[in-house]
Every structure is written in structure tokens, then in C-alpha cells.
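So the chains spell out like this:
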Amino acid sequence: MTDSLAERAAAALAIPLQVALEARALDPADPAAGVVFPVAGLAINPGGTLHAGALGSIMELTGFLALLPHLDAAEHAVTHHISTQVLSPGRAGEEVTVTAVVERRTRRLGFVTATAVVGDRLVARSQITKSVIDIR
């Protein structure tokens, strides 16, 4: 990964919401490999399970990090559609691993699939469409 990509990934991980959710790169040398975060603090709903909004935020972040190596230095990507299915609850104290795969990149769109797991248990899947925009 070039310094530019590393800096852009670090900036995405440093967004205050991501920091509050304790999100970190699965592999610091390869942020596109995925994101890990605990079911703790802001990520817990009143029922004691993973908050869907926190999960959605990390799924979206992971989709961006997966797409980042497919962007040139003058491009950025923003989510214009995300659809998430929560399949199993994450429980307090567990650690969620989110990975994403770029299915297709066109001139102005990126199509990404993200998956969240706790161990070998599937927690959620997201289909994410990113609009590729020029950085001004």
C-alpha cells in the first residue's frame, strides 16, 4: 500500500464515530483486509446485544476500506446505498470481524459485499453501492 492509501485509511479509521466504536484494522499493514470492533460501549443496545446502527457504520467503513485501493489519488467514494441483513445477534463482550470484497468497480460506482462474523458465526451481510467522486 502506498503512503497515500495508508494515510487515507488511517483518516477513515480516525473518524470520531469509528474511534468511539473502538474500530481497528484487522491487519494494520493492509486496512483493506477488514475491521474488528468489540460489542461494548456505544455498540450495545438496551437489550445487551450489538446495536444495528453501530454495526452498519462499521460495515460501511469496511466497504470503503476495501474499495480504497481501487481509487486513484483524485477520487473518493461515498455510500449512496447500503442494505444490511442482521442474521445473528452479537453479544456484549464479543469481538466482531468485518471483511469486504469489491465485486465490481465502474467509472463512477463501486459495488461491495461486506460480511460480519463473530468467530465462525455469521452476524450480518451488507450490499454496498459507493459513488466514486472527484476530490476537489
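Coordinates for the structure precede this section.
Being a predicted model, the structure only gives us computed values, none of them experimental.

A. Structural view of the pairing of strand S6 (residues 121-134). The pairing of strand S3 (residues 75-86) with S6 spans 11 bridges and is antiparallel. Considered in S6, the bridge of valine 86 is made with alanine 124. As judged from the 10 bridges shared by strand S5 (residues 109-118) and S6, these two strands associate in the antiparallel manner. Considered in S6, the bridge of alanine 116 is made with alanine 124. Counted along the chain from S5 to the antiparallel partner S6, the turn is 2 residues long, and its residue glycine 119 has a positive phi close to 60°.

B. Molecular detail of the environment of serine 126. Along the polypeptide, serine 126 turns up in strand S6. For serine 126, a relative accessible area of 1% corresponds to the buried category. In this structure, the C-alpha to C-alpha distance between serine 126 and glycine 63, residues 63 residues apart in sequence, is 9.0 Å. Apart from residues lying up to four places away in sequence, serine 126 is in contact with Met59, Ile82, Ser83, Thr84, Val112, Thr113 and Ala114. A distance of 2.5 Å separates polar atoms of two side chains, one belonging to serine 126 and the other to threonine 84.

C. Representation of the side chain of serine 131. By the secondary structure assignment, serine 131 is in strand S6. Setting aside chain neighbours within four positions, we find serine 131 in contact with His76, Ala77, Val78, His80, Arg108 and Leu109.

D. Region of interest: the sheet that holds strand S2 (residues 35-38). Reading across the sheet, the 6 strands line up as S1-S2-S4-S5-S6-S3 and stay open at both edges, with antiparallel pairing between neighbours. Both edges of this open sheet fall to strand S1 (24-25) and S3, since each of them pairs with a single strand only. Here helix H3 (residues 52-67) sits on the sheet and contacts S2, S3, strand S4 (95-105), S5 and S6; the angle it forms with S6, its principal contact strand, is near 55°.

Rules used in this analysis
Residues numbered from 1 in each chain as written. Predicted model: local features only at pLDDT ≥ 70, side-chain atom pairs only at ≥ 80, totals over all residues. Heavy atoms only, no water. Pairing = 2+ DSSP bridges. Helix = DSSP H or I, 4+ residues; strand = E, 2+ residues; numbered from the N terminus. Buried < 20%, exposed > 50% of the residue type's maximum accessible area, 1.4 Å probe, protein only. Contact = heavy atoms within 4.5 Å. Polar contact = N/O pair within 3.5 Å; in protein donor to acceptor, adjacent residues only side chain to side chain. Axes fitted to C-alpha atoms, helices over the stretch in contact; angles between N-to-C directions.

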